[in-house]
Amino acid sequence: MTLTLEEMYNMQKELDAKIVAEKGLEGQDLLYKRTLALQVELAECANEYRGFKFWSDRSEPKHGYDALIECPKCSGKGFWFSGERVICGRCDEKGKITNPLLEEFVDCVHFFLSIAGQYGWLDALYISEDAIEETRDEGLDGEVTGAFLESMYWLMKFHMERDRDEKIEEKLGRTKREICFRNAWYVFLAIGLVGFNFTFEQISDAYAAKNKVNHERQVNGY
């Protein structure tokens, strides 16, 4: 069952609370670290996208497959024997093709949700389907590469406007910082839904899977 944005938001708040408690971070303002972490994850996602690498013969994502498709290389075993056991480099050990681009994308989703949760900005995460479809019709400004730069710009502006908390949208009661954050999130979401042709179901399923891994990492001392 596809998660809603609110469910993902609440799952992230639960994970963040667990991390704060287990790492002894109570009372600390983690916004700077969350914002920088998101910038790093955006760069890692762009690196997996590879479309800006004009100097390379490999300017396509390494894997563009659905993560639930059985790997044809190892026939779904996750390994084969060639004198000795060889782990398949194309899929995980369960024989499913991995999708690093989707995984990097949802790593960014984690930190967008984390920042939204710190401020209580659930409403800022809701982007209308009409807005996404309009972007799909018009195309991303500067294609995916330009959209990454635009999302990074708004995220940096969100940081630089940290002392500007006055409400500039009286009807919605949003501050300038919230608007910057919302713009960064909107452009990023459009990268996934329009630029990468992910469905929201794929994103939410991948988020749930990675959220579970992140909980396990806290138990295992990651």
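One numbering rule holds for all chains: residues counted from 1, following each sequence as written. Given that this is a predicted model, residues contribute local features only at a pLDDT of at least 70 and side-chain atom pairs are listed and counted only at 80 or more, while totals for whole chains, interfaces and linings are drawn from all residues. Water and hydrogen atoms play no part in the side-chain values, which are based on all heavy atoms of the structure.

### Focus on the overall build of the protein
Going along the chain from the N terminus, every DSSP run of H or I of four or more residues is numbered as a helix, and every run of E of two or more is numbered as a strand. Per the secondary structure count, the protein includes seven helices and four strands. In the protein, the order of α-helices and β-strands from amino to carboxyl end is α-α-β-β-α-α-α-β-β-α-α. Counting the 222 residues in the protein, one finds 43% classified as buried. In this analysis, two residues are considered to be in contact whenever any of their non-hydrogen atoms come within 4.5 Å of each other. Considering only contacts in the protein between residues 6 or more positions apart, those separated by 24 or more positions represent 71%. Counting every atom, the protein has about 12,600 Å² of accessible surface; 51% of that belongs to carbon and sulfur. Summary of the burial criterion: residues with accessible area below 20% of their type's maximum are buried, those above 50% are exposed, and those between are partly exposed, where the area comes from a 1.4 Å probe applied to protein chains only. Every accessible area reported is derived by Shrake-Rupley at a probe size of 1.4 Å, with residue values counting cover from the shown protein chains alone.

### Regarding a negative patch on the surface
Residues qualify for a patch when their relative accessible area is over 30% and they have no salt bridge, like charges being joined within 9 Å and the nonpolar side chains of Val, Leu, Ile, Met, Phe, Trp and Tyr within 5 Å. For salt bridges, the criterion is a side-chain nitrogen of Lys or Arg within 4 Å of an Asp or Glu carboxyl oxygen. Charged residues are defined narrowly, with Lys and Arg counted positive, Asp and Glu counted negative, and His plus the chain ends left uncounted. Positions of charges follow a simple convention, taking NZ of Lys, CZ of Arg, CG of Asp or CD of Glu. A contiguous patch of negative charge, built from E129, D130, E134, D137 and E138, is present on the exposed surface. With respect to the secondary-structure elements, E134 resides in helix α4 (residues 129-138).

### Points about a nonpolar patch on the surface
A contiguous nonpolar patch, built from F52, F54 and W55 and spanning about 420 Å² of accessible area, is present on the exposed surface. Relative to the helices and strands, W55 is located in the loop between α2 (31-49) and β1 (79-81). Look at W55 and you get exposed, because its relative accessible area is 55%.

The values are spatial; any link to function lies outside them.
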